[in-house]
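Reading the structure
So the chains spell out like this:
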Amino acid sequence: MTSNEKILFVVNLIPEGNVFTYGKVADLAGLPGRSRMVSKALKQAPRSMLIPWHRVINSQGKISIPKDTKGYREQIELLRIEGIEINNGRIKLADYEWRPDIATLVMDIPF
DNA sequence: ATCGTGACTGGGA
DNA sequence: CTCCCAGCCACGA
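Attention here is on the structure that accompanies the text. Residue positions are counted from 1 within each chain, in the order its sequence is given. Starting at A for chains and at 1 for ligands, labels are handed out in the order in which the entities are written. Thresholds applied to this predicted model are a pLDDT of at least 70 for local features of residues and 80 or more for the giving and counting of side-chain atom pairs; totals over whole chains, interfaces and linings are not thresholded and use all residues. Processing note: side-chain calculations cover all non-hydrogen atoms of the structure and skip hydrogens and water entirely.

**Quick word on unusual backbone geometry**
Non-glycine residue L50 carries a positive phi angle of around 50°. A run of DSSP states H or I qualifies as a helix once it reaches four residues; a run of E qualifies as a strand once it reaches two. Both are numbered from the N-terminal end. Looking at the element boundaries, L50 is found in the loop between α3 (35-44) and β2 (56-57). Exposure classes here rest on a 1.4 Å probe applied to the protein chains alone. A residue is buried below 20% of its type maximum, exposed above 50%, and partly exposed in between. For L50, a relative accessible area of 68% translates into the label exposed. The backbone of D68 shows a phi angle near 60°, a positive value even though the residue is not glycine. As for its placement among the helices and strands, D68 is situated in the loop between β2 and α4 (70-81). Since its relative accessible area comes to 71%, D68 is described here as exposed.

**Remarks on the protein's contact with DNA strand C**
Working definition: residue near molecule or strand if any one of its non-hydrogen atoms lies within 4 Å of it. Taken together, G33, R34, R36, M37, K40 and R90 form the complete shell of residues around DNA strand C. Among the atoms of DNA strand C lying within 4 Å of the protein, the sugar-phosphate backbone contributes 80%. Polar contacts here mean pairs of N or O atoms no more than 3.5 Å apart (in protein, one a potential hydrogen donor and the other a potential acceptor; neighbouring residues in sequence count only if both atoms are side-chain atoms). The separation between a base oxygen of DNA strand C and a polar side-chain atom of R36 is 3.4 Å. A distance of 2.8 Å separates a phosphate oxygen of DNA strand C from a polar side-chain atom of R90. Residue contributions to the surface near DNA strand C peak at three residues, all from α3.

This is the structure we're talking about:
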């Protein structure tokens, strides 16, 4: 499994209504210190793969996609649809980054 | 090998 | 809280 595949695999585990940071995804994918690889992988992932890319935000709890772009607006819309409160591109990480049941999902990562 | 470029991050001003 | 920046890593020119 390539690094890129591991990253997308992990992002696919993020439950609806929750968010992970780029760093968190990188760690769970066994690629510590490579958060930038996560952003690149998501940017390149074909829409047809239906990856929940919008559930990945930066460590500051903010949308990393540059403002005034189609992607920025789309990410906010998708997150709101899932019930995630977001103000001025900012999300309260503590409220959505982790839930008890996510720990179980993490245990099943095959790498 | 060197340089520039990010949907990054932690720390300092 | 916001801005800036050095450090970081993979990649392509």
